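What follows is the residue order along each chain.
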Amino acid sequence: MSALAGLPYDANMPAIVWSMYLVAAALYCTPILIAFARDVEYKWGLYVGNLLLGWTGIGWAYALYYAVFADKERVPQPRLSLVR
């Protein structure tokens, strides 16, 4: 007899597990989404750093902090010239 034989089977369990996976994936990608939405200066470095170190929790927290509080990308201003 199996150890799980006495437990009731919940037919919704696969849907609940997949929902939890989707929520976890959305939370994991939150710093990347915020950085691209805000057009942060080093968004591609943040993307790679979050993918490589985000699983540690500390890397994810740093990526989220940087995505929220970093300066936006600087747009080069045209130089003013007196000579045409």
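Data block above holds the structure.
The structure contained in this document is the topic of the report that follows. What you are looking at is a predicted structure, and each value in this text was computed from that prediction instead of being measured.

**Brief notes about the environment of Arg 74**
- Here Arg 74 lies in the segment after helix 3 (58–69).
- Overall, Arg 74 belongs to the exposed group, its relative accessible area being 58%.
- Sequence separation of Arg 74 and Pro 31 is 43 residues, and the distance between their C-alpha atoms is 20 Å.

**Brief notes about the side chain of Asn 50**
- Looking at where Asn 50 falls in the secondary structure, it is placed in helix 2 (residues 43–53).
- Beyond its immediate stretch of four places on either side in the chain, Asn 50 contacts Tyr 28, Pro 31, Ile 32, Trp 60 and Ala 63.

**Some details on the packing of aromatic side chains**
- According to the stated counting rule, one finds 5 aromatic pairs in the structure shown.
- Between Tyr 65 and Phe 69, the aromatic rings sit 5.0 Å apart at their centres with planes inclined by 50 degrees, giving tilted as the arrangement. Within this pair, Tyr 65 and its partner Phe 69 are both found in helix 3, separated by 4 residues, close to a single helical turn. For the residue pair Tyr 65 and Phe 69, the accessibility class agrees, reading exposed in each case.
- Counting every residue linked through ring pairs, the aromatic cluster contains Phe 36, Trp 44 and Tyr 47.

**Some thoughts on the pattern of salt bridges**
- This model, assessed by the stated rule, comprises 1 salt bridge.
- Across the salt bridge formed by Asp 39 and Lys 43, the nearest N and O atoms sit 2.5 Å from each other.
- Asp 39 gets classed as partly exposed once you look at its relative accessible area, which sits at 33%.
- Accessibility expressed as a relative area gives 13% for Lys 43, which makes it buried.

**As for the packing of helix 1 (residues 13–38) against helix 2**
- One way to put it is that helix 1 packs onto helix 2 with a least axis distance of 9 Å and a crossing angle of 180 degrees. Classified by the interaxial angle, the pair formed by helix 1 and helix 2 is roughly antiparallel. Within the contact between the two elements, helix 1 uses Tyr 28, Pro 31, Ile 32, Ala 35 and Phe 36 and helix 2 uses Lys 43, Trp 44, Leu 46, Tyr 47, Asn 50 and Leu 51.
- Split by residue class, the contact of helix 1 with helix 2 holds 9 nonpolar, 1 polar and 1 charged.

**Points about the environment of Glu 41**
- Within the secondary structure, Glu 41 sits in the loop between helix 1 and helix 2.
- Glu 41 sits in the partly exposed class, given a relative accessible area of 28%.
- Sequence-wise, Glu 41 and Leu 64 are 23 residues apart; in three dimensions their C-alpha atoms are separated by 14 Å.
- When near neighbours in sequence (up to four residues on either side) are disregarded, Glu 41 contacts Asp 71, Lys 72, Glu 73 and Arg 74.

Conventions and cut-offs
Residues numbered from 1 in each chain as written. Predicted model: local features only at pLDDT ≥ 70, side-chain atom pairs only at ≥ 80, totals over all residues. Heavy atoms only, no water. Helix = DSSP H or I, 4+ residues; strand = E, 2+ residues; numbered from the N terminus. Buried < 20%, exposed > 50% of the residue type's maximum accessible area, 1.4 Å probe, protein only. Contact = heavy atoms within 4.5 Å. Phe/Tyr/Trp six-rings, centres within 6.5 Å; stacked < 30°, edge-to-face > 60°. Salt bridge = Lys/Arg side-chain N within 4 Å of Asp/Glu carboxyl O. Axes fitted to C-alpha atoms, helices over the stretch in contact; angles between N-to-C directions. Parallel < 35°, antiparallel > 145°, perpendicular 65-115°, else oblique. Nonpolar A, V, L, I, M, F, W, Y, C, P; charged D, E, K, R; others polar.

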